[in-house]
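Here is what each chain is made of, one letter per residue.
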Amino acid sequence: MSNCVLGSLLRAQPSLVLIANTAPICFMRRTFSSRTNVSSNTSRSKGKAAYVPNTTVEALKEAVKTGRDEALSNRQLFARLHPEQKTIDMLDMYRLGIEKQGKYDRKRWFHYREPEVKLPHLSFFAGAQQTQSFPSETLPEIAFVGRSNVGKSTLVNQLCGSTAARTSNKPGLTQQLNFYTANNDFHLIDMPGYGFAFAKEEAKNSWLSVIESYIHNRRTLQRVMVLLDARHGIKVNDRDLLEVLERTNTKYQFVLTKCDLVYRTHLAKLHLLVSNEASQSRHCVDRVMLVSARDKAGLNSLRKEIVHICNIGEKYLTKEYYKNEHIAGTEYSKQLQLYHDTARSKGGKHQPASKGHKKQSCTL
Ligand SMILES: Nc1nc2c(ncn2[C@@H]2O[C@H](COP(=O)(O)OP(=O)(O)O)[C@@H](O)[C@H]2O)c(=O)[nH]1
Ligand SMILES: [Mg+2]
């Protein structure tokens, strides 16, 4: 999880270190069928034991550490999750998730204004429905894959401030792999979505084979970003994809999208589950990214991740950038400390911008 994220802020405020090595995935209906023991015998692991994916419910039970016989609904299990305070701080800092007064939420009265990483605009250069039509392998590639309507095209656009990728409310619009180039530095690939209800049967079955053929044969593919809707987490079709990624030894990473649609507490719990799943999977990067394309939150962290993956940091992350990031991080941690001190002196109830109390904000 090292490379980008909170960067200098974390050096300044170690308590904000983004959690990554925590517990398994996701929140689903009670009727979820058992899909177990799709083990992978591949050798390329990070010292992890052979990967045996849990069902969503099993993972949830494991994360809650409840007895497997205890009769609790998934909703109850999910409610019992206890994300760490540093996760809440991280979500708060990046303004991810809907704020709500409660145990894990607090009224925001300071801001983290991180300097923006600017990536070049995208231009479409190829579309492919089958292996033969894939363009030649030249630049490092990052593929975005996930269920239909999860926000792949929107994210690809937002990352580069572009409108090249077509977005739609209607699921299943992208039926092919769309290749976009960013200033001849790297390629982003918008993959076909899966799991939509209205698709023809043969289209439903073909998504996996096209994706598999791409990830299996593509030597320039650096990472597959698996997008998950923050309202739903990992679903059945996602597990089919994960199985393929594990089997083909492909490095992948989870990205939770549409974080503006869920409460911060929900997001922190889901992050805990997905991080757990990531840390147990052999080829998954531990760090789980969170984004909201609507609020433009979390995008910068993902941009930095891309820059590091493609090894183009020298071009896009200058010394000036790191300096500004450090200043912003230090300022934020001071604000956070002040917040905690004030909250403590008021017996845990903080009243940020009341009369006579000067509202604090980061000046960057
Ligand atoms: N609220 C919210 N809506 C989003 C976000 N990202 C995408 N959407 C919406 O989700 C719908 C599907 O997005 P799209 O990018 O076409 O999904 P794709 O099928 O995965 O490519 C569109 O209506 C988007 O406006 C987000 O971060 N927040
Ligand atoms: Mg799309």
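Here, the structure is the one placed above.
This one's a predicted model, so the numbers in the text were calculated from it and none came from an experiment.

### Considerations on the overall build of the chain
Scanning the chain from N- to C-terminus turns up 11 helices and seven strands. The proportion of buried residues among the 364 residues of the chain is 44%. In the chain, the proportion of contacts linking residues at least 24 apart, taken out of those at least 6 apart, comes to 77%.

### A word on the site of ligand 1
Surveying the vicinity of ligand 1 reveals 20 residues, the closest of which are Gly151, Lys152, Ser153, Thr154 and Ala293. At three residues, helix H5 (residues 152-159) tops the list of elements feeding residues into the shell around ligand 1.

### Let's talk about the pairing of strand S6 (residues 252-257)
Along a regular strand, successive side chains alternate from one face of the sheet to the other. Burial within S6 is extensive, with six of its six residues counted as buried. Here S6 shows two buried faces, one formed by Tyr252, Phe254 and Leu256 and the other by Gln253, Val255 and Thr257. Once you follow strand S5 (residues 221-229) into helix H7 (residues 236-247) and on to S6, the crossover reads as right-handed. Pairing analysis gives two bridges linking S6 to strand S7 (residues 289-290), with the strands arranged parallel. Its bridge partner being in S7, Leu256 is matched across the sheet by Leu290. For the handedness criterion, the β-α-β arrangement of S6, helix H8 (residues 264-280) and S7 is classed as right-handed.

### Looking at the sheet that holds strand S2 (residues 141-146)
One open sheet holds the seven strands; their spatial order is S1-S3-S4-S2-S5-S6-S7, and the pairing between them is mixed. Looking at which strands have only one partner, the edges of the open sheet turn out to be strand S1 (122-128) and S7. Set on the sheet, H8 makes contact with S5, S6 and S7; between it and S6 the angle comes to about 170°.

### Points about the packing of helix H4 (residues 85-93) against H8
H8 packs onto H4 with a crossing angle of 125° between their chain directions and a minimal axis gap of 10 Å. Taken together, H4 and H8 sit at an angle that is classed as oblique. For H4 against H8, the interelement crossing comes out right-handed. For the pair H4 and H8, contact is made by Thr87, Ile88 and Leu91 and by Arg264, Leu267, Ala268, His271 and Leu272, respectively. Among the residues forming the contact of H4 with H8, the class breakdown is five nonpolar, two polar and one charged.

### Observations regarding the pairing of S2
Within S2, six of the six residues are buried, which leaves the element mostly enclosed by the surrounding structure. Side-chain alternation along S2 places Glu141, Ala143 and Val145 on one buried face and Ile142, Phe144 and Gly146 on a second face that is also buried. Bridge count between S2 and strand S4 (residues 186-190): four bridges; the pairing is parallel. Opposite Glu141, over in S4, you have His187 as the bridge partner. Here S2 pairs with S5 via six bridges, running parallel. Bridge assignment links Ile142 to a residue of S5, and that residue is Arg223.

### Re the nonpolar core
Phe144, Val226 and Leu256 are the most contacted members of the largest nonpolar core, which totals 77 residues. Here this core takes seven residues from H8, the largest share from any one element. Not counting residues within four places of it along the chain, the set of residues in contact with Phe144 comprises Lys152, Leu155, Val156, Leu188, Ile189, Asp190, Met191, Met225 and Leu227.

### Here we look at unusual backbone geometry
Positive phi is not limited to glycine here, since Asn249 has a value of about 55°. Counting through the fold element by element, Asn249 comes out in the loop between H7 and S6. Overall, Asn249 belongs to the partly exposed group, with 15 C-beta atoms counted inside 10 Å. Although it is not a glycine, Asn311 sits at a positive phi angle of roughly 60°. The topology assignment puts Asn311 in the loop between helix H9 (299-309) and helix H10 (313-316). C-beta crowding within 10 Å serves as the criterion here: with 12 such atoms nearby, Asn311 is assigned to the exposed category.

Basis of the calculations
- Residues numbered from 1 in each chain as written.
- Chains lettered and ligands numbered in written order.
- Predicted model: local features only at pLDDT ≥ 70, side-chain atom pairs only at ≥ 80, totals over all residues.
- Helix = DSSP H or I, 4+ residues; strand = E, 2+ residues; numbered from the N terminus.
- Buried ≥ 20, exposed ≤ 12 C-beta atoms within 10 Å, placed from the backbone.
- Contact = placed C-beta atoms within 7 Å.
- Near = placed C-beta within 6 Å.
- Right-handed = clockwise from strand over helix to strand, strands pointing away.
- Pairing = 2+ DSSP bridges.
- Axes fitted to C-alpha atoms, helices over the stretch in contact; angles between N-to-C directions.
- Parallel < 35°, antiparallel > 145°, perpendicular 65-115°, else oblique.
- Left-handed = near helix turned anticlockwise from the far one by under 90°.
- Nonpolar A, V, L, I, M, F, W, Y, C, P; charged D, E, K, R; others polar.
- Core = buried A, V, L, I, M, F, W, Y, C linked by C-beta atoms within 7 Å.

Coordinates in, geometry out; function isn't part of it.
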